[in-house]
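Fold and contact review
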Amino acid sequence: MNRKEFLSRLRAALCSLPEEERESAVKYYEEYFDEGGPEREQEILRELGSPEAIAQGILQDYAGNNPQWAAIHYAKSVPSPASPPAKSKFPVWGIVLICLLLSPLLIPLGLVGLAIILGSFGAIFGLFIGCIALMAAFAITALAVLVAGLFIAFSGLGMALAAPSAALLCVGIGLLLIGGSLLGIVAAIWLIVTCIPTLIRWIGNLCRLPFRKGGERV
């Protein structure tokens, strides 16, 4: 679009105005182009926008100041909002029919899915019980070694007068067992205090994983 086309479209859009008012409005924009010069013609066109939109504003202003002219030549038209397209409703009987037709396939798939879910939860629960059993066995073993160490140490003390060298050996072995069992008990307590809450939290996150939204972190 160039200046000539803009002014021609503006004049056509203002055809309902009295000639004097129409030419006055067109002359105003002619002078606006003249002040800008040919080098700014495209810039001015982009700045002004649609000539029909400008004409609409001029007609509204003139109609507001001239009610008699507006009653004959001008009427505000407010475009009604486009009604949203009607949603096609799928009949209920169609859904029932599809379900019946697909039931030979859906029922086995549902059973397989249920078996997978139950198996997954069973595996997670078994893993949890296995870890607890392993830690408990470790703690019980450490306690058994402690009892054995105490028994051997006290037995060695009982033989101190009859066989000093054997008594010293028994006391040494007992003390080694006691020290090792104490380290084992401390390690078992650390595992129970540290690993079990972490394991419970990890299993809880796994159980909640199917119900989390796509972007939520585990």
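Residues numbered from 1 in each chain as written. Predicted model: local features only at pLDDT ≥ 70, side-chain atom pairs only at ≥ 80, totals over all residues. Heavy atoms only, no water.

**A closer look at the overall build of the protein**
Secondary structure assignment for the protein yields 7 helices and 0 strands. Listed by position from the N terminus, the elements making up the protein come as α-α-α-α-α-α-α. Buried positions account for 22% of the 218 residues belonging to the protein. Contacts in the protein between residues at least 24 apart in sequence constitute 60% of all its contacts with a sequence separation of at least 6. A total of about 15900 Å² of accessible surface is found on the protein, and carbon and sulfur atoms cover 71% of it. (Helix = DSSP H or I, 4+ residues; strand = E, 2+ residues; numbered from the N terminus. Buried < 20%, exposed > 50% of the residue type's maximum accessible area, 1.4 Å probe, protein only. Contact = heavy atoms within 4.5 Å. Areas by Shrake-Rupley, 256 points an atom, 1.4 Å probe, with all protein chains shown as cover.)

**Notes on helix H4 (residues 51–65)**
Along its 15 residues, H4 runs 21 Å from first to last C-alpha, staying within 8% of the 21 Å computed at 1.5 Å per residue. Those residues of H4 lying buried are Pro51, Ile54, Ala55, Leu59, Tyr62 and Ala63. (Expected span 1.5 Å × (residues − 1).)

**Let's talk about a nonpolar patch on the surface**
A cluster of nonpolar side chains, Trp93, Leu97, Ile98, Leu101, Leu102, Leu105, Leu106 and Leu109, forms an exposed patch at the surface whose accessible area comes to about 830 Å². Residue placement: Leu105 occurs in helix H6 (residues 92–158). (Patch = residues over 30% accessible without salt bridge, like charges linked within 9 Å, V, L, I, M, F, W, Y side chains within 5 Å. Salt bridge = Lys/Arg side-chain N within 4 Å of Asp/Glu carboxyl O.)

**Focus: the nonpolar core**
Counting 19 residues, the largest nonpolar core has Phe6, Leu10, Leu14, Tyr29, Phe33, Leu48 and Trp69 as the members making the most contacts within it. Taken together, the elements giving at least two residues each to this core come down to helix H1 (3–13), helix H2 (19–36), helix H3 (41–48), H4 and helix H5 (67–73). Not counting chain neighbours up to four residues away, the residues in contact with Leu10 comprise Val26, Tyr29, Pro51, Ile54 and Ala55. Counting residues in each nonpolar core, the second largest holds 5 residues, with Ala142, Leu146, Ala153 and Ile185 among its members. (Core = buried A, V, L, I, M, F, W, Y, C linked by side-chain atoms within 4.5 Å.)

**Topic: the pattern of salt bridges**
Throughout the structure, instances matching the rule amount to 6 salt bridges. The closest approach of N and O atoms between Arg9 and Glu5, which form a salt bridge, is 3.9 Å. Within this pair, Arg9 and its partner Glu5 are both found in helix H1, separated by 4 residues, close to a single helical turn. The structure contains a network of salt bridges with shared partners spanning Glu5, Arg9 and Glu52.

**What to know about the packing of H2 against H3**
Interhelical geometry of H2 versus H3 gives an angle of 135 degrees and a closest axis separation of 9 Å. When the axes of H2 and H3 are compared, the pair comes out oblique. As H2 runs across H3, the sense of the crossing is right-handed. In this structure, H2 uses Tyr29, Tyr32, Phe33 and Gly36 to contact H3, whose residues at the interface are Glu41, Ile44, Leu45, Glu47 and Leu48. Across the contact of H2 with H3, the residue classes break down as 6 nonpolar, 1 polar and 2 charged. (Axes fitted to C-alpha atoms, helices over the stretch in contact; angles between N-to-C directions. Parallel < 35°, antiparallel > 145°, perpendicular 65-115°, else oblique. Left-handed = near helix turned anticlockwise from the far one by under 90°. Nonpolar A, V, L, I, M, F, W, Y, C, P; charged D, E, K, R; others polar.)

**What about the confidence of the model for the protein?**
The predicted model of the protein averages 78 in pLDDT, with 86% of residues at 70 or higher. Taken element by element, the predicted model of the protein shows its lowest mean pLDDT in H5 (75) and its highest in H1 (90). Here residues 76–86 is modelled with pLDDT under 50, and outside its nearest four sequence neighbours on either side it reaches 0 contacts, counting other chains as well. Note that residues 214–218 has pLDDT below 50 and, in this model, 4 contacts with residues that lie over four places away or in other chains. (pLDDT = per-residue confidence, 0-100.)

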